[in-house]
Amino acid sequence: MTTRTDSPTASPFGARLRTAMDERGPLCPGIDPHASLLAAWGLPDTADGCERFAMTAVEALAPVVSSIKPQSAFFERHGSRGVAVLEKVIAATREAGCLVILDVKRGDIGTTAQAYADAYLDPTSPLASDAITASPYLGFGSLTPMIETAARHGAGVFALALTSNPEAPRFQHARTADGGTIAGEVLAGLRTANEGAASLGSFGAVVGATIGSTDENLDINGPLLVPGIGAQGGTADDVRRIFGAAVRNVVPTSTREILGAGPSVQAVRDAAARANDQFAALL
């Protein structure tokens with residue numbers, strides 16, 4: 001598996017993320033046009049409502065935060081019109097100088113995995129993002145097309161490693177033949193993919209803020225995307241305790257707490273600023 005950037009003009013995602021976090025803070029707000037959030041904003045649960053919600057969130061957040069994480073499913077549920085809105089969100093966010101981590105959690109093998117990589121990581125695609133989330137549970141090697149495509153285009157991949165859903169430990173803590181855990185194998189694969197990265201590797205792990213604790217080595221020389229902040233119960237103290245020495249690489253993500261402050265652009269921006277300041281002081 002190669003993880004070098006083939007094009008000399010492509011700046012690696014990890015380096016761009018580190019610069020953005022240093023300049024704008026670590027917070028990565030989500031943009032999830034959930035039916036309940038649309039209703040709270042007084043918007044219909046339609047493609048038009050989705051667009052008004054999402055573009056208002058982009059207006060509020062993209063100029064001031066380092067990255068944004070749109071959840072693709074909440075756009076896809078509106079069909080082709082919803083996907084068109086997602087394309088607008090990605091384009092407008094990147095035009096504002098903000099990185100897009102597209103939450104798609106795709107996972108497959110061979111040519112299908114390559115097709116997902118081309119859809120989300122090739123800059124010629126209308127859905128091209130700076131990074132994506134991916135599922136490694138067909139084997140870490142199944143991510144090879146995504147990792148290689150990301151490396152070629154200066155993009156990134158975040159693999160699910162230690163998630164907060166109640167069923168996760170039965171799979172992620174399961175032991176392999178050599179005695180390690182499935183989560184440990186994912187983290188080891190990412191650590192290998194990030195070897196030699198000077199500032200921050202481009203291949204990260206998704207680790208929930210509400211996992212309680214872990215004995216896994218989270219130092220992968222790459223970013224750690226941390227959902228579960230805010231409305232789901234995760235706090236800055238949890239992050240400090242769980243991540244220890246790797247805390248500087250944490251990208252905390254919060255959605256409901258920030259978007260729930262809307263529909264005012266300024267109110268959403270202020271909510272993001274409060275969360276960003278809290279984590280900037282921690283990290």
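That block above? That's the structure.
Rules used throughout
Residues numbered from 1 in each chain as written. Predicted model: local features only at pLDDT ≥ 70, side-chain atom pairs only at ≥ 80, totals over all residues. Heavy atoms only, no water. Helix = DSSP H or I, 4+ residues; strand = E, 2+ residues; numbered from the N terminus. Rg over C-alpha atoms; globule rule 2.2 N^0.38 Å. Buried < 20%, exposed > 50% of the residue type's maximum accessible area, 1.4 Å probe, protein only. Contact = heavy atoms within 4.5 Å. Areas by Shrake-Rupley, 256 points an atom, 1.4 Å probe, with all protein chains shown as cover. Phe/Tyr/Trp six-rings, centres within 6.5 Å; stacked < 30°, edge-to-face > 60°. Salt bridge = Lys/Arg side-chain N within 4 Å of Asp/Glu carboxyl O. Pairing = 2+ DSSP bridges. Axes fitted to C-alpha atoms, helices over the stretch in contact; angles between N-to-C directions. Parallel < 35°, antiparallel > 145°, perpendicular 65-115°, else oblique. Left-handed = near helix turned anticlockwise from the far one by under 90°. Nonpolar A, V, L, I, M, F, W, Y, C, P; charged D, E, K, R; others polar.

*Asks:* I keep staring at the overall build of the protein chain and nothing clicks. Help me out?
*Replies:* Within the protein chain one finds 12 helices and 8 strands. Expected size for 283 residues packed as a compact globule is a radius of gyration near 19 Å; at 18 Å, the protein chain falls within 12% of this value. With respect to the three principal axes, the spread of C-alpha positions in the protein chain is 55 × 40 × 35 Å. By residue count, 51% of the 283 residues in the protein chain fall in the buried class. Looking at the protein chain alone, contacts between residues at least 24 apart form 73% of all its contacts between residues at least 6 apart. Carbon and sulfur atoms make up 51% of the accessible area of the protein chain, which totals about 11800 Å².

*Asks:* Looking at this structure, how should I read the packing of aromatic side chains?
*Replies:* Note on aromatic pairs: each is described by the distance of the centres and the angle between the planes. Following the criterion strictly, the structure yields 2 aromatic pairs and no others. When the ring of phenylalanine 13 is compared with that of phenylalanine 158, the centres are 6.0 Å apart and the planes differ by 85°; the resulting orientation is edge-to-face. Here phenylalanine 158 lies in strand 5 (residues 156-162) and phenylalanine 13 lies in helix 1 (residues 13-24), a separation of 145 residues in the sequence. With respect to class, phenylalanine 13 is no different from phenylalanine 158; both count as buried.

*Asks:* Any chance you could explain unusual backbone geometry here in plain terms?
*Replies:* Backbone phi values are negative for most residues with the exception of glycine, while trans is the configuration of most peptide bonds. Between glycine 262 and proline 263 the backbone carries a cis peptide bond, its omega angle lying at 15°. On the secondary structure map, proline 263 appears in the loop between helix 11 (256-259) and helix 12 (265-282). With phi around 50°, lysine 105 is a residue other than glycine that occupies positive phi space. Residue position: lysine 105 is located in strand 3 (residues 99-106). The class for lysine 105 is partly exposed, based on a relative accessible area of 38%. Residues other than glycine seldom take positive phi values, yet asparagine 221 does so here, at roughly 55°.

*Asks:* What's the story with the pattern of salt bridges in this structure? I'm lost.
*Replies:* Pairs can form between side chains of opposite charge once their charged atoms are near each other. Under the definition given, this model contains 10 salt bridges. Here glutamate 51 and lysine 88 are joined by a salt bridge, their closest N and O atoms 2.4 Å apart. One end of the pair, glutamate 51, is in helix 3 (residues 47-61); the other, lysine 88, is in helix 5 (residues 79-95), and 37 residues separate them in sequence. Given the relative accessible area of 24%, glutamate 51 is considered partly exposed.

*Asks:* Explain the sheet that holds strand 4 (residues 131-134) to me, please; I cannot follow it from the model alone.
*Replies:* Adjacent strands of a sheet pair through backbone hydrogen bonds, lying either parallel or antiparallel. On the basis of which strands lie adjacent, the open sheet formed by 8 strands has the order 1-2-3-4-5-6-7-8 and parallel pairing. Looking along the sheet, the strands with just one partner apiece sit at the ends: strand 1 (30-31) and strand 8 (250-252). Looking at chain direction, strand 1 and strand 2 (residues 67-70) are connected through 2 bridges and run parallel. Across the sheet, the residue bridging to glycine 30 is lysine 69, located in strand 2.

*Asks:* Would you mind showing me how to read the pairing of strand 3 here?
*Replies:* The side chains of a regular strand alternate between the sheet's two faces. Summarising burial for strand 3: 7 of the 8 residues are buried, a large majority. Bridge count between strand 2 and strand 3: 2 bridges; the pairing is parallel. Each residue of the ladder has a partner; that of serine 67, found in strand 3, is leucine 99. With 3 bridges connecting them, strand 3 and strand 4 associate as parallel partners.

*Asks:* Is there a simple way to think about the packing of helix 10 (residues 236-243) against helix 12 in this case?
*Replies:* The angle between the axes and the distance between the axes are what describe a pair of packed helices. Running from amino to carboxyl end, helix 10 crosses helix 12 at an angle of 30°, the nearest separation of the two axes being 10 Å. Taken together, the axes of helix 10 and helix 12 lie roughly parallel to each other. Once helix 10 is placed against helix 12, the crossing between them reads as right-handed. Contacts between helix 10 and helix 12 pair Ala236, Val239 and Arg240 from the former with Gln278, Phe279 and Leu282 from the latter. For the contact of helix 10 with helix 12, the residue count by class is 4 nonpolar, 1 polar and 1 charged.

*Asks:* Even after reading the chapter, I still don't get helix 7 (residues 144-153), so can you show me in this structure?
*Replies:* Side chains three or four residues apart in an α-helix point the same way, a direct result of the helix having 3.6 residues per turn. All of the buried residues along helix 7 are Pro145, Met146, Ile147, Thr149, Ala150 and Ala151. Here the buried face of helix 7 lies against strand 3, helix 6 (110-121), strand 4, strand 5 and strand 6 (203-207). In the stretch just after helix 7, glycine 154 is the one whose phi turns positive, near 70°.

*Asks:* Please clarify how the packing of helix 3 against helix 12 should be interpreted in this entry.
*Replies:* Their axes nearest at 8 Å, the elements helix 3 and helix 12 cross at an angle of 55°. It follows that helix 3 is oblique to helix 12 by the angle criterion. With respect to the hand of their crossing, helix 3 and helix 12 are arranged in right-handed fashion. Touching Thr56, Glu59, Ala60 and Leu61 of helix 3 are Val265, Val268, Arg269 and Ala272, all from helix 12. Its residues assigned to classes, the contact of helix 3 with helix 12 shows 5 nonpolar, 1 polar and 2 charged.

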